[in-house]
Amino acid sequence: MTIYLENARLIDPEAGTERHGNLILDGGVIALVDALSAPKGARIIDCGGKCLAPGIVDIGVKVGEPGERHKESFRSAGLAAAAGGVTTMIVRPDTTPALDTPEMLEFVTRRAASASPVRIRHMAALTKGRAGREMTEIGFLLDAGAVAFTDCDHVVTDTKVLSRALTYARSLGALVIGHPQDPGLSAGAAVTTGKFASLRGLPGVSPMAEPMCLDRDLALVEMTGVRWHADQITCARSLPALERAKANGLDVTAGVSIHHLTLNDLDVGDYRTFFKVKPPLRDEQDRLAVVEAVASGLIDIISSMHTPQDEESKRLPYEDAASGAVALQTLLPAAMRLYQSGHIDLPQLFRALSLNPAKRLGLPQGRLAEGAPADLVLFDPDAPFVLDRFTLRSKSKNTPFDGQRMEGKVLATFVGGQQVFGPDQGEAA
Amino acid sequence: MSFRARHLLGIEHLAPDEIRTILDLADQYVDLNRRTIKRTDALAGMTQINMFFENSTRTQSSFELAGKRLGADVMNMTMAQSSVKKGETLIDTALTLNAMHPDLLVVRHGASGAVNLLASKVNCAVLNAGDGRHEHPTQALLDALTIRRAKGRIHRLTVAICGDIAHSRVARSNLILLGKMENRVRLIGPPTLMPAGVAEFGCEVYDDMAAGLKDADVVMMLRLQKERMDGGFIPSEREYFHRFGLDAEKLAHAKPDAIVMHPGPMNRGVEIDGTIADDINRSVIQEQVEMGVAVRMACMDLLARNLRAERGRAALGTMV
């Protein structure tokens, strides 16, 4: 069906501009930008002057299939993503068991395709069982559709194993995603060290664990020439090394989770376990430095790091509680905080949310151009609401933004030219 | 009198005035405890449950005695070998006990913040008897009472806290209390046992006993746990005693009338020399134990008053 989206504020991350205009969606792609009138028979949607941007491509979503479907299924994650303006979920392999064989990848790909209203692409483990000992069948997994390779929060400590896996991945042109947090220093830590951690008596990890491991990883990237992405860069001290690596021409990008951009270590307050994420939230100086790095483009990608945890995993003393927060539906409103505070404009924001992740993974999404997939999000950046976590579509409701005032509502989401969320598909969150 | 809190979870939330109220009342209980007839009926008819998820003899018996002298029905639950072993969560345990309508829950737990979590799920008064590395408020209050009785005041004193600060809830609670009462606090210990960012609490940090103890009015030693002595945090027990153990030579740097404290149980020859611990002119370690019962009586008495007042208001509310 042809859709004519009129009277929209078009956010174009590629050109870095926003302007008023109309779009025609046809055959699953954006058929015409800046259309002057609706084609015959088209469904006309009046955007009411609200923002229309390329749908979010979210690297690092955890879905509980296989192993923890009670926490999140492809269906529930897909519905949450649609309501959050996420049109492509890049799913993590830290499942139970880990996604490390082409057979398993084929199985979850089939399940995902039939269950989710938004696009799902899979990452595969870099080492078997994410155990850091033997590399996975990177070639077969690539053929089966893996878009990147990562052991998620398991850091490969044996540098010989890692260097061989990176070398092999390089020969196939595969993208490897690292989690630069020194595992020894991080062991047992629940928060970032500092005055607050000491006051609360919680075991902390120095933020230095990040640049320490980043330096090691960047040396291996230089040695092997692999395409590499750091999943989360969360502190100021990591930025010079990242800048140097990019200046030296290494094929390196970096991401950060929305939580590290919008929350700091003090938010943990009175042992609120919904604020326990990995790596732990940093102090305000680090948060601001990282926001600045996203604005300047040094950090390329913002992701949700959506990690569903059931109530039982979080209703525990802070040290014992599980890490992670759901964020598919809160990613966009939380990101609007950066826009509302004047740190980042909307084209810059969607460069980090949509364009850069798509480009990094070699996907055609993320652009507002003729011929690009018609994956779009229509949202009102100023609409205020108070978040009630029980309205979230995820099976798990562990969001740190519960009860908080937020601005930015998704009005409609389109995937491949089909509306998957909006007034007709259910009320906006 | 001013004491408004519903629970006693830490020193952090107490105002200086509330601390003074507790100490004043505790003074009265010290007198009572020295009589032959030690009972009052402040908690008559009330039920106190001691839930100790970590083993403790001293603190638990101190709380038990305090409750009994106030006339409460006291029950001890040693959680280390009960339902926790069967996989019950902390919150379920709390809800189970809550259904038995206790009035006071005294809780010790190995995880920081566990007592706060539990307090949010029950409708009685909760006393923190130590949670992880977070707080141990009655210990800080009994230390304050001991200092006040020995020195005549609990302000403008120089207090040195020595030893394993990083793993000590006693140190944290004392640090906060002494700061609130406007004392000069020094922390002395090897840097591996010093928590990060601690200098921002407004205290002075030393890794040398001679410098840290100079002109101190009060020397507070902390227990060094056996599991920290194996080379992970300090090289060996004997090197620790040589550098940080309190002996006559190191104590000579403090004021001539400085008192020596220890929350117990002591490791003689590790953090404190036996002769110092037994010196009746310097050591107030036995007084600390005595003050412990009185302070716990005062805390429970005050919490019970607030609990009765709250229930009274609730009852009035339903009648209207």
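Residues numbered from 1 in each chain as written. Chains lettered and ligands numbered in written order. Predicted model: local features only at pLDDT ≥ 70, side-chain atom pairs only at ≥ 80, totals over all residues. Heavy atoms only, no water.

(A) Looking closely at the UniProt feature "domain: Amidohydrolase" (unreviewed entry) in chain A. In this structure's numbering, the residues bearing the UniProt feature "domain: Amidohydrolase" (unreviewed entry) are residues 340-421 of chain A. For the annotated span residues 340-421 of chain A, helix accounts for 20% and strand for 32% of the residues, and the straight-line distance between the end C-alpha atoms is 24 Å. (UniProt positions renumbered as here; feature names shortened; annotations may be inferred. Helix = DSSP H or I, 4+ residues; strand = E, 2+ residues; numbered from the N terminus.)

(B) Main features of the interface of chain A and chain B. Each partner contributes to the interface: chain A provides 17 residues, whereas chain B provides 20 residues. In total, about 1,600 Å² of surface goes out of reach between chain A and chain B, with carbon and sulfur atoms giving 58% of it. Of all residues in chain A, the largest losses of buried area upon contact with chain B belong to Lys-195, Leu-199 and Arg-315 of chain A, amounting jointly to 33% of the total for that side. With its nearest N and O atoms 2.9 Å apart, the salt bridge here joins Arg-200 of chain A to Glu-12 of chain B. Across the contact surface, chain A and chain B share seven residue pairs in polar contact (both at pLDDT 80 or more). Among the residues forming the side of chain A that touches chain B, the class breakdown is seven nonpolar, four polar and six charged. (Contact = heavy atoms within 4.5 Å. Buried area = accessible area lost by both parts, 1.4 Å probe. Salt bridge = Lys/Arg side-chain N within 4 Å of Asp/Glu carboxyl O. Polar contact = N/O pair within 3.5 Å; in protein donor to acceptor, adjacent residues only side chain to side chain. Nonpolar A, V, L, I, M, F, W, Y, C, P; charged D, E, K, R; others polar.)

(C) A look at the environment of Arg-389 of chain A. Residues and elements named next belong to chain A. Turning to its location among the elements, Arg-389 is positioned in the loop between strand E16 (376-386) and strand E17 (405-415). Take Arg-389: its relative accessible area is 11%, and that puts it in the buried class. For the pair Arg-389 and Phe-401, spaced 12 residues apart in sequence, the C-alpha to C-alpha distance is 7.8 Å. Setting aside residues up to four positions removed in sequence, Arg-389 forms contacts with Phe-274, Glu-311, Lys-397, Thr-399 and Asp-402. Here Glu-311 takes part through its side chain, which lies 2.9 Å from a polar atom of the side chain of Arg-389. (Buried < 20%, exposed > 50% of the residue type's maximum accessible area, 1.4 Å probe, protein only.)

(D) How the structure looks around the pairing of strand E5 (residues 51-54) of chain A. Residue and element names in this part refer to chain A. Here two bridges tie strand E1 (residues 3-12) to E5, and the two strands are oriented parallel to one another. Each residue of the ladder has a partner; that of Arg-9, found in E5, is Cys-51. Sheet topology note: the E5/E16 ladder contains four bridges and is antiparallel. Bridge pairing in E16 places Cys-51 opposite Phe-379. (Pairing = 2+ DSSP bridges.)

(E) Expanded view of helix H4 (residues 159-171) of chain A. Residues and elements named next belong to chain A. When the terminal C-alpha atoms of H4 are compared, their 18 Å separation across 13 residues agrees well with the 18 Å that a helix rising 1.5 Å per residue should span. For H4, the complete set of buried residues consists of Val-161, Leu-162, Ser-163, Ala-165, Leu-166 and Ala-169. Tucked into the core, H4 has its buried residues touching helix H3 (138-143), strand E10 (175-178) and helix H7 (209-224). Two or three places before Lys-160, at the start of H4, stands the capping residue Asp-158, its side-chain oxygen 2.9 Å from that residue's backbone nitrogen. With its phi angle positive at about 70°, Gly-173 sits one or two positions after the end of H4. (Expected span 1.5 Å × (residues − 1).)

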